[in-house]
Every structure is written in C-alpha cells, then in structure tokens.
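Chain residues, written in single-letter form:
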Amino acid sequence: QVQLVESGGGLVQAGGSLRLSCAASGRAFSTYTMGWFRQAPGKDRLFVTSIPWSGGRIYYVDSIKGRFTISTDNAKNTVYLQMNNLKPEDTAVYYCAAVRGLYSTARVSPEEYDYWGQGTQVTVFS
C-alpha cells in the first residue's frame, strides 16, 4: 500500500524558511514523478513543483521560483521542499503527490496524480 506522509509544516514569520518532507513507502518510486501542491482556504489545490524521482527536469510555478527547491533522497525514500524567503501568500496546506511515469512536460493538474499525502499546514505571518 502506497503511503505518502508529509511533515515539517508550521508557523513562520515572513522571510523565514521551512523544509517540508514527504516520506514515501509501499513501492519503488524510481519510475514516478513526485509533486508538491498547495491549497489555501477557499481556493483550489494548485501545483507548486515536481521532480522525477530518479532525476530529470524539475518544474516550478513562477510564484515560487528562486525561493523553493524540490529534491529527493533515494536512501531515505523522501522528497523535500525547501522553502526560503516565505511570504504570507505562501500560507496553505501543502500536499505531496505521486504519479506513475516520467514526463517531458510538467504534470500540473491534481487529477493527474495517483497518490496523495494528508497535507501539512504552512502559515506565514507578517
């Protein structure tokens, strides 16, 4: 059974940093693409970034380019989202997701993903 478990969210002042983790288990993810999405209150779940587990092209939404970095640790079966220079508009529940396959274009729609974590809250105050 596939499980994605996020951690690392919290309350942080604007300009601060957080690192989110997504521990993946239940299968080999080498042929999966991993993504991070976020959902603010009353808003749709939106794409943030994605990475092929075994390496390849990384995609970022424009609003977080230069501030967020996605990475994988194969030994720990974990995907990370390093978030720097956080802004109040980054406040949301952040979700880790996985989709089978490696793609030449970004998978930005939540409907394209097969597995989801439970989410972790990130709150940025000014």
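Calculation rules
Residues numbered from 1 in each chain as written. Predicted model: local features only at pLDDT ≥ 70, side-chain atom pairs only at ≥ 80, totals over all residues. Heavy atoms only, no water. Helix = DSSP H or I, 4+ residues; strand = E, 2+ residues; numbered from the N terminus. Rg over C-alpha atoms; globule rule 2.2 N^0.38 Å. Buried < 20%, exposed > 50% of the residue type's maximum accessible area, 1.4 Å probe, protein only. Contact = heavy atoms within 4.5 Å. Areas by Shrake-Rupley, 256 points an atom, 1.4 Å probe, with all protein chains shown as cover. Lys, Arg positive; Asp, Glu negative; His and termini not counted. Charge placed at Lys NZ, Arg CZ, Asp CG, Glu CD. Core = buried A, V, L, I, M, F, W, Y, C linked by side-chain atoms within 4.5 Å. Disulfide = S-S within 2.5 Å.

A. The overall build of the protein, seen in detail. For the protein, the helix and strand inventory stands at 0 helices and 11 strands. Helices and strands appear in the protein in the N-to-C order β-β-β-β-β-β-β-β-β-β-β. Rg of the C-alpha trace for the protein: 13 Å, near the compact-globule value of 14 Å for 126 residues, within the 12% margin. A buried classification covers 41% of the 126 residues belonging to the protein. Of the contacts made within the protein by residues no fewer than 6 positions apart, 59% connect residues no fewer than 24 positions apart. When the accessible surface of the protein is totalled, it reaches about 6300 Å², and 48% of it is carbon and sulfur. In the protein, which carries 12 positive and 9 negative side-chain charges, the distance between the mean positions of the two groups comes to 4 Å.

B. Looking closely at the nonpolar core. By size, the foremost hydrophobic cluster in this structure holds 27 residues, and its most contacted members are Phe29, Met34, Trp36, Met83 and Tyr94. In this structure, Phe37, Phe47, Tyr59 and Ala97 belong to the second largest nonpolar core, which totals 6 residues.

C. Quick peek at the state of the cysteines. Evaluation of the coordinates by the stated rule reveals 1 disulfide. A disulfide bridge connects Cys22 with Cys96, and the sulfur atoms are separated by 2.1 Å. Every disulfide takes its handedness from the sign of the S-S torsion; for Cys22 and Cys96 that torsion is -75°, giving left-handed. Of this pair, Cys22 sits in strand S3 (residues 18-25) while Cys96 sits in strand S9 (residues 92-100); the two residues are 74 residues apart in sequence, bridging distant segments of the chain. Like Cys22, the residue Cys96 is buried in the burial classification.

D. Molecular detail of the environment of Gly8. As for its position among the elements, Gly8 is in the loop between strand S1 (3-7) and strand S2 (10-13). Residue class for Gly8 comes out partly exposed when judged on its relative accessible area of 34%. It is 8.9 Å that separates the C-alpha atoms of Gly8 and Cys22, two residues lying 14 residues apart in sequence. Sequence-distant contacts of Gly8, that is, excluding residues within four places in its chain, are made with Leu18, Arg19, Leu20 and Thr120.

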